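Listed below, chain by chain, are the residues.
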Amino acid sequence: ETGVTQSPTHLIKTRGQQVTLRCSSQSGHNTVSWYQQALGQGPQFIFQYYREEENGRGNFPPRFSGLQFPNYSSELNVNALELDDSALYLCASSLDTGGATDTQYFGPGTRLTVL
Amino acid sequence: RKEVEQDPGPFNVPEGATVAFNCTYSNSASQSFFWYRQDCRKEPKLLMSVYSSGNEDGRFTAQLNRASQYISLLIRDSKLSDSATYLCVVNGVETGGFKTIFGAGTRLFVKA
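Residues numbered from 1 in each chain as written. Chains lettered and ligands numbered in written order. Predicted model: local features only at pLDDT ≥ 70, side-chain atom pairs only at ≥ 80, totals over all residues. Heavy atoms only, no water.

**Structural notes on the packing of aromatic side chains**
In this description, an aromatic ring pair is defined by two values, namely the gap between the centres and the angle between the planes. Applying the stated criterion to the full structure yields 13 aromatic pairs over all chains. Between Phe60 of chain A and Phe64 of chain A the ring centres are 5.1 Å apart and the planes differ by 65°, which places this aromatic pair in the edge-to-face class. Phe64 of chain A carries the same exposure label as Phe60 of chain A, and that label is buried. Where Tyr25 of chain B meets Phe33 of chain B, the ring centres are 4.9 Å apart and the plane angle is 45°; that geometry is what we call tilted. (Phe/Tyr/Trp six-rings, centres within 6.5 Å; stacked < 30°, edge-to-face > 60°. Buried < 20%, exposed > 50% of the residue type's maximum accessible area, 1.4 Å probe, protein only.)

Have a look at this one:
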């Protein structure tokens, strides 16, 4: 086990609603990244947080936002949900040592269904 | 052109076979490379890091070719338990900050 936990495991929402997903990093890790994985695709990078600041972002609209807390746990918020937001949302924690070489360890994911 | 490309497969091989996957990437400034394994409806799990000097872990060997911008994974003596999707991962720092790019994955089925 990686020590990365996510909640909830499954979630069903309707179009237009807002959702908050949570992630608890592996002990000692200061960086968290969030990914969206649609069925049959590889994970798509949403953003990364390092020490409570956004450290990088993929090609996702502003309605995808995040937070990282002083204990390095994290939230992903998605506003105005669309049907295409249905996916597995993964968070990954890592220990940032100042470069892009850090290994990421994934949580089990939250499966979001938007109806 | 996709930033990271993999042959989606599927690769269907018998137990004991040797199988190789390649993955190409477009950003020559990419800094680190990994192979992950993902079982159906599970999270990706780190298989190994990839270095120019090569990296071997038991039956698995990974290699990075920076000049040609591809990484490879070789699995020897395939086991039934090796059946999974193999994802290549490329990390880098771009104008907007850190970025990780996953390939779409290569599916492997090992049959008895």
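So that's the structure; there's more coming.
**Some details on the interface of chain B and chain A**
Each partner contributes to the interface: chain B provides 22 residues, whereas chain A provides 23 residues. Across the interface of chain B and chain A, roughly 1800 Å² is buried in total on both sides, 54% from carbon and sulfur atoms. Among the residues chain B hides against chain A, the three largest losses belong to Glu43, Phe98 and Phe102 of chain B. Together they make up 32% of the total. Where chain B meets chain A, there are 0 salt bridges. Counting across the chain B and chain A interface gives 5 residue pairs in polar contact (both at pLDDT 80 or more). Elements supplying a minimum of two residues to the side of chain B that touches chain A: strand 4 (32-38), strand 5 (45-50), strand 9 (84-94) and strand 10 (97-102) of chain B. (Contact = heavy atoms within 4.5 Å. Buried area = accessible area lost by both parts, 1.4 Å probe. Salt bridge = Lys/Arg side-chain N within 4 Å of Asp/Glu carboxyl O. Polar contact = N/O pair within 3.5 Å; in protein donor to acceptor, adjacent residues only side chain to side chain. Helix = DSSP H or I, 4+ residues; strand = E, 2+ residues; numbered from the N terminus.)

**Side note on the nonpolar core**
Of all hydrophobic cores here, the largest spans 24 residues; its most connected members are Phe21, Trp35, Ile71, Leu73, Ile75, Tyr86 and Leu108 of chain B. Elements with a contribution of two residues or more to this core: strand 3 (19-25), strand 4, strand 5, strand 7 (60-65), strand 8 (70-75), strand 9 and strand 11 (106-111) of chain B. Judged by nonpolar contacts, the second largest core, of 19 residues, contains Leu21, Phe47, Phe60 and Val114 of chain A. (Core = buried A, V, L, I, M, F, W, Y, C linked by side-chain atoms within 4.5 Å.)

**Regarding unusual backbone geometry**
Looking along the chain, the bond that leaves Ser7 of chain A and enters Pro8 of chain A is cis, with omega of -10°. A cis amide bond links Gly9 of chain B with the next residue in sequence, Pro10 of chain B, at an omega value of 10°. The topology assignment puts Pro10 of chain B in the loop between strand 1 (4-6) and strand 2 (11-14). Look at Arg41 of chain B: it is not a glycine, yet its phi comes out positive at around 60°. Classification of Arg41 of chain B by relative accessible area gives exposed; the value is 57%.

**Here's the deal with the pairing of strand 11 of chain B**
Residues and elements named next belong to chain B. The alternating pattern of strand 11 places Thr106, Leu108 and Val110 on a buried face, while none of Arg107, Phe109 and Lys111, on the opposite face, is buried. Both strand 2 and strand 11 contribute to a ladder of 4 bridges, which runs parallel. Residue pairing in the sheet places Asn12 in a bridge with Phe109 of strand 11. In terms of strand pairing, strand 9 meets strand 11 through 3 bridges, oriented antiparallel. (Pairing = 2+ DSSP bridges.)

**So, the side chain of Asn30 of chain A**
All names here are of chain A. With respect to the element layout, Asn30 can be found in the loop between strand 3 (19-24) and strand 4 (31-37). When its relative accessible area of 5% is taken as the criterion, Asn30 is described as buried. Not counting the four nearest positions on each side in its chain, Asn30 is found in contact with Tyr49, Tyr50, Arg51, Gln68, Tyr72, Ser94, Leu95 and Asp96.

No statement about biological role is implied by the geometric values presented.
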